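# Descriptive structure summary
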Amino acid sequence: MDFTLSGDQEQFRSMLRDFVDGEIVPVAREWEHSGRYPTEIVGQMKQLGLFGLMIPEEYGGVAADFVSFTLMFEEIARGWMGIAGILGSHSLSCWMLARHGTEEQKRRYLPDLATGARRTGIALTEPDAGTDLQGIRTTATRDGDHYVVNGTKMWITNARYADPLPVLVKTDRSATPAHKGMSVLLIEAGTPGFTVTKDIPKLGYKGTESCEVVFDDVRVPAANLLGGVEGRGMQQVLSALEVGRLNIAGRSLGIAQRAYDEALHYARDRRAFGKPIAEFQAIQIRLAEMATQLQAARLLTYWSADALDRGKRSDLQTGMAKLFASEVALQAAQDSMRVHGGYSYSAEFEIERLYRDSILMTIGEGTSDVMRTVIARSLIGDKGRVGW
């Protein structure tokens, strides 16, 4: 049993850490509050090859292991969680395309997605369908060698840059159960009727856009049906969401680590009653609890990444990692605010941003209660077990 990173993983983390500390941390607070899109940082991430992390080498990607994938999101979210979001949706979609796409689809899209010349995301959520994906209303009706798509999607990350955008649709509205009539279409930017209608204002998760997208009689070539076969969309999406949960767990680690780092630094520097507040037992207990929970979340997350690397079905592992790490991130942000006291409410300190970003971690890619249900179903259905 080895709890250490490999040499390659250590080198990758070191590179990421230098990049985050040198290029993201110095500008994150100012750019986040001004609403500035991080164009320059995106360009640097392209140069580092981060957009190709989940793409096979034969299509120009890196084909990284899932532990390295997790490290990327942990380190970048430590600097600015919104930047990690740009890579999150892109990586999930690339992995889904690489795993389920036809050979023609992979050769058409993956090389440019690997370099960042193209970017992508994934369009699942609708105004009336979030957790209940079988309740989506976006439809795709076959018309010769095209599908005609109509509907609306919400909360779409990278919507203004995605090309193509994988969209979950109903190709057979009469199918029972509903998921048997669901498919994924790859819709290219600029297709007539495909409109990004607005950016949705958010409490946190800034830096990347979250948009409403409308499809009004959008004609999509049948060749853009992911995998080339109707009715497999839900399975394709659910397999990708395993990777998405790991991405969220990694981001949660980054937020929790930064919250802890900020609390420790402040406790050492802040003086009260003639001594640093780090010398008060109440502060020490809070720091100890933060550090213990953070390390437990990290080990659980890397355990789930290792399960994915072994090629196992990992609903249980990724569900546990996402649930625990996201709750730890939220608690760490709250505890760090308590250590900071009144300064935690100031936009001049990092912690208020960390708190706003941490809340999303308990919601995105399935709420904490949904994760508990996923975990329980895996256990009850004997699809995973706890213990040796």
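Residue indices follow the written sequence of each chain, beginning from 1 at its first position. Only residues with pLDDT of at least 70 get local features here, since the model is predicted, and only at 80 or more are side-chain atom pairs given and counted; chain-wide, interface and lining totals rely on the full set of residues. The side-chain values count all of the structure's non-hydrogen atoms but skip hydrogen atoms and water molecules.

## Quick look at the domain arrangement of the protein
Boundary definitions for the domains trace back to an automatic or database domain assignment. Assigned domains within the protein: domain 1 (7-115), domain 2 (139-230) and domain 3 (234-381). In this complex, domain 1 contributes 26 residues to the contact, which on the side of domain 3 involves 34 residues. Carbon and sulfur atoms supply 63% of the area that domain 1 and domain 3 bury against each other, a total of about 2,500 Å² over both sides. By convention, the term buried area covers the 1.4 Å-probe accessible surface removed from two parts as they join, with the contributions of both added. Of all residues in domain 1, Arg29, Glu74 and Met81 bury the most surface against domain 3, accounting for 25% of the area lost on that side. By definition here, a salt bridge exists when the distance from a side-chain nitrogen of Lys or Arg to a carboxyl oxygen of Asp or Glu is within 4 Å. Along the contact surface separating domain 1 from domain 3 lie three salt bridges. Helix and strand assignments follow DSSP, with helices taken as H or I runs no shorter than four residues and strands as E runs no shorter than two, numbered in order from the N terminus. For the side of domain 1 that touches domain 3, the secondary-structure elements that each account for two or more residues are α1 (7-34), α3 (66-79) and α4 (81-100). Counting residues per element, the side of domain 1 that touches domain 3 draws most heavily on α3, which supplies ten residues. Across the side of domain 1 that touches domain 3, the residue classes tally to 14 nonpolar, six polar and six charged. Two residues form a contact once any of their heavy atoms are found within 4.5 Å. Just so you know the grouping, Ala, Val, Leu, Ile, Met, Phe, Trp, Tyr, Cys and Pro go in nonpolar, Asp, Glu, Lys and Arg go in charged, and all remaining residues, Gly too, go in polar.

## Notes on the packing of α1 against helix α9 (residues 351-361)
When two helices pack together, their arrangement is captured by the angle between the axes and the distance separating the axes. Only the contacting stretch of a helix is used when fitting its axis, a line to C-alpha atoms as for every element, and angles between N-to-C directions run 0 to 180 degrees. It is at 11 Å that the axes of α1 and α9 come closest, and there the two elements cross at 60 degrees. The chirality of how α1 crosses α9 is left-handed. Every residue of α9 that contacts α1 at Ala28, Arg29, Glu32 and His33 is listed here: Glu352, Arg353 and Arg356. Whether a crossing is left-handed or right-handed is set by the direction in which the near helix is turned from the far one by less than a right angle, anticlockwise for left-handed and clockwise for right-handed.

## Thoughts on unusual backbone geometry
Of note, the bond from Asp163 into Pro164 is cis; its omega dihedral lies within 30 degrees of zero at 10 degrees. A cis geometry characterises the amide bond from Thr176 onward to Pro177, with omega recorded as -5 degrees. On the secondary structure map, Pro177 appears in the loop between β3 (165-170) and β4 (182-187). Backbone geometry places Trp155, a non-glycine residue, at a positive phi of 60 degrees. Among the secondary structure elements, Trp155 is positioned in strand β2 (residues 146-157).

## Comments concerning the pairing of strand β1 (residues 139-143)
Relative to β2, β1 runs antiparallel, the two being bridged by five bridges. Paired with Thr139 across the bridge in β2 is Asn150. Strand pairing is assigned whenever DSSP detects at least two bridges linking the two strands. Hairpin remark: β1 followed by β2, antiparallel, with two residues in the connecting loop; positive phi at Gly144, about 70 degrees.

## Overview of the environment of Gln236
By the secondary structure assignment, Gln236 is in helix α6 (residues 233-269). Each residue is assigned to one of three classes by its accessible area relative to the maximum for its type, calculated with a 1.4 Å probe on protein chains only: buried under 20%, partly exposed between the two thresholds, exposed over 50%. What makes Gln236 buried here is its relative accessible area of 5%. Residues Gln236 and Gly22 lie 214 residues apart in sequence; the distance between their C-alpha atoms is 37 Å. What Gln236 contacts, discounting residues up to four positions off in sequence, is Met96, His100, Val184, Leu226 and Gly227.

## Concerning the pattern of salt bridges
Considering all chains together, one arrives at 28 salt bridges under this definition. Glu75 is paired through a salt bridge with Arg78; the nearest N and O atoms lie 3.1 Å apart. Of this pair, Glu75 and Arg78 both sit in helix α3, three residues apart, roughly one helical turn. For Glu75, a relative accessible area of 2% translates into the label buried. Owing to a relative accessible area of 11%, Arg78 belongs among the buried residues under this scheme. The shortest N-O distance in the salt bridge between Glu350 and Arg258 comes to 3.8 Å. With a gap of 92 residues between them, Glu350 in the loop between α8 (315-340) and α9 and Arg258 in helix α6 connect regions that are remote in the sequence. Exposure class is identical for Glu350 and Arg258. Each is buried.

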